[in-house]
Amino acid sequence: MTEKNWPLWEVFIRSRNGMAHRHVGSLHAVDATMALANARDTYTRRGEGLSVWVVPSNAITASDPAEKDMLFEPTASKIYRHPTFYEVPDEVGHM
Amino acid sequence: MYTQALNVKDEGPALVDAERDAAFQARIDRDEKIEPNDWMPEKYRRTLVRQISQHAHSEIVGMLPEGNWITRAPSLKRKAALLAKVQDEGGHGLYLYSAAETLGTSREELNDQLLTGKAKYSSIFNYPTLTWADIGMVGWLVDGAAIMNQIPLCRTSYGPYARAMIRICKEESFHQRQGYEIVMTLARGNADQKAMAQDALNRWWWPALMMFGPPDAESLHTDQNMAWRIKRFSNDDLRQKFVDATVPQGHHIGLEFPDKDLKFNEATGHWEFGAIDWSEFKRVLAGEGPCNRQRLAQRNKAHDEGAWVREAALAHAEKRAARRMMQAAE
Amino acid sequence: MRASKDAIAPCSSERDGSKTLTETPLFLVTLRLADDALILGHRLSEWCGHAPVLEEELALANLGLDLIGQARSLYTHAGAIEGAGRDEDGLAYLRRENEYRNVLLVEQPNGDFAATMVRQLIYSAFMHPFHRAMASSKDATLAGIAAKAEKEMAYHVRHSAEWVIRLGDGTEESHRRAQDALDALWPYAGELFEVDAPMRAAIEAGLVPDPESLRATFDATMTEALAEATLTLPKLGSFQTGGRAGRHTEHMGFLLAQLQYMQRTYPNAAW
């Protein structure tokens, strides 16, 4: 008998209020309710979290690493987007 | 040890793409991390799946010898700590299976390899835990040896594996201390307890040294893994590091190591130790250790007896989803 | 559904075989709660390494750790009340079988996963409202322990109810197993509601809640879960009883043989 597998879920945890949810790993569960419970039991055993998100792994669309240059390279030259590009006299103080 | 998989020769076909291989190696040399969707040589992928899954299997099978003693732990404090520790091993197995799954092999496939005896796990877990002192030894020596290997793995080249190892090392930090404290309490206890500790050390010391795998001279397959930065130190280097760290800890609590050749070399600053019986190591790896059959049988039993539960949970989730669809359609 | 009060055989302290005369109501109720938590925690810990799926391995250990933690606080408190120098381990490990005061439910073997989850649901459906009420106990230590335990037991209710529902309304096999588990374990539910003389005294002193006041919550939790699980409660003439007075089922001796093995083999050693 071939057993049907439980779907894979990705787990995100907010460690403190004010922080964003951060990807911590994955797990298997039959549905969202169980995925939340399993995430709690697996990834928050040492008080790591205040809030948990679970997302079916197959619901995530990822960018293609092969397109990394096309997608992310063009931004490197746009240094005028960064504050250090502009000169402000020291006497003016912090801006 | 947990990286014994790296001492196995990769027999699979090596599809060589010289140009991409070189670019890949250049990334590794720059200490860049490799992430799941990145291109990687097939052999790198296979080696990692084998290494990570063997590591995961070791955590899971490793729950059995220690789990043996949870119901017999001699105090409530020890009982809680041991249950938490063995639970951690399960968690570590889970993190590692997750890392392996990012390489495109499902946990079920990996588990199947374990249950059919195709996949290996650390040789150490084929030894029995006969007394309470063994629980101390597993923590002190086995987890101590594991940490020697696991800390460098936090910087291994494959991102998901390195991240899992960081989490594992953080959680493991109490395991070895827990074990040493158990042994120390026995060594400072009554005559029966001291004898129990010494007997356990006598039985666990050599198998613990074997955890690091065969001597470098015989371990011909590590060069590629070193180049790929999957592995970062040689077996012998790690073994020596372990001996240097552990021997003074044992002497401190009045235990004797079962090695008449053990002596400190003032010139090198290292503890020299006697010859390891590699024929025993080979026997255990070949499935003829004291508990190989029992460990696999226990894993298979748990898996088989859990089949109806896993099926039922899926069936219920499907029913629930169908009902929700019906309601939405109304 | 009701664990009918009338169906429970009277259980007074005079019927206790062992030395209840020296036990104050506060000591006795604390000890009983500690024994319940320890024995069930011990049973859950037996699953370690054998769970149906890795994620549930971690969940079962969490449930067990909660209960062992509760037991430790309760034993320490009981030892202090008694004032005879017994610490948590002295109480947990060094009594005779008839001196353990846990309900029979918690000592029942794990059986299959359905039995473990049904047992957990019955126990936590009762203990969750019990701890919530005990959080306002006149005994400050009991109140503190209960305030923490209430949150833990709320999760135990949720976890076990979800599994009972999945198994009851899963496959044909899982339904049969869940119903068998319920049939086998429900006879031990009534004992949770027993009130004997020392318990009555503890209730009147405001130390612990009257179980009768928890019945509606207990019934509601069970009814809701069992309805969704498509399971039915067996019809019973009477419930099993005896644990509170130290009369256990045949399983208890084997459990204690493991639990006490080290302490009995090596008396007076520190671990």
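The structure under discussion appears in the preceding block.
Conventions adopted
Residues numbered from 1 in each chain as written. Chains lettered and ligands numbered in written order. Predicted model: local features only at pLDDT ≥ 70, side-chain atom pairs only at ≥ 80, totals over all residues. Heavy atoms only, no water. Salt bridge = Lys/Arg side-chain N within 4 Å of Asp/Glu carboxyl O. Helix = DSSP H or I, 4+ residues; strand = E, 2+ residues; numbered from the N terminus. Buried < 20%, exposed > 50% of the residue type's maximum accessible area, 1.4 Å probe, protein only. Axes fitted to C-alpha atoms, helices over the stretch in contact; angles between N-to-C directions. Parallel < 35°, antiparallel > 145°, perpendicular 65-115°, else oblique. Left-handed = near helix turned anticlockwise from the far one by under 90°. Contact = heavy atoms within 4.5 Å. Nonpolar A, V, L, I, M, F, W, Y, C, P; charged D, E, K, R; others polar. Pairing = 2+ DSSP bridges.

Novice: Would you explain the pattern of salt bridges in this entry?
Specialist: In a structure, side chains of opposite charge can pair up when their charged atoms sit close to one another. For the coordinates displayed, the defined rule picks out 45 salt bridges over all chains. Residue Arg320(B) pairs with Asp31(A) through a salt bridge whose shortest N-O separation is 3.7 Å. In this pair, Arg320(B) is assigned in helix 11 (residues 292-329) and Asp31(A) in the loop between strand 2 (22-28) and helix 1 (32-43), connecting two distinct chains. Using a relative accessible area of 17% as the deciding quantity, one classes Arg320(B) as buried. Using a relative accessible area of 12% as the deciding quantity, one classes Asp31(A) as buried. Notably, a salt bridge pairs Arg232(B) with Asp31(B), separated by 3.0 Å at the nearest N-O pair. Of this pair, Arg232(B) sits in the loop between helix 8 (222-227) and helix 9 (235-252) while Asp31(B) sits in the loop between helix 1 (18-29) and helix 2 (42-67), placing them 201 residues apart in sequence.

Novice: Got a minute to help me understand the packing of helix 2 of chain B against helix 4 (residues 107-115) of chain B in this structure?
Specialist: The axes of two packed helices give the description: the angle between them and the distance between them. Residues and elements named next belong to chain B. Relative to each other, helix 2 and helix 4 sit at 65°, their axes nearing to 10 Å. Relative to helix 4, the element helix 2 is oriented roughly perpendicular. The interaxial crossing formed by helix 2 with helix 4 has right-handed handedness. Touching Val49, Ser53, His57 and Val61 of helix 2 are Leu110, Asn111 and Leu114, all from helix 4. Per-class residue counts for the contact of helix 2 with helix 4 are four nonpolar, three polar and no charged.

Novice: I'm lost on the sheet that holds strand 3 (residues 51-56) of chain A in this one. Help?
Specialist: Residue and element names in this part refer to chain A. Judged by pairing direction, the sheet is antiparallel, and its three strands sit side by side in the order 2-1-3 without closing on themselves. On the outer flanks of this sheet lie strand 2 and strand 3, each paired with one strand and no other. Within the sheet, the average angular offset between the axes of one strand and its neighbour, ignoring direction, is 30°. The pairing of strand 1 (residues 8-14) with strand 2 spans six bridges and is classified as antiparallel. In the sheet register, glutamate 10 faces strand 2, and the bridge partner there is serine 26.

Novice: How should I be thinking about the packing of helix 5 (residues 113-134) of chain C against helix 9 (residues 215-229) of chain C in this particular structure?
Specialist: Residues and elements named next belong to chain C. For the pair helix 5 and helix 9, interaxial distance at closest approach is 9 Å and the crossing angle is 145°. Seen along the crossing, helix 5 lies across helix 9 with a hand that is right-handed. Side by side, helix 5 and helix 9 meet where Leu121, Ile122, Ala125, Phe126, Pro129 and Arg132 of the first sit next to Thr217, Phe218, Thr221, Met222 and Ala225 of the second. Class assignment of the residues belonging to the contact of helix 5 with helix 9 gives a composition of eight nonpolar, two polar and one charged.

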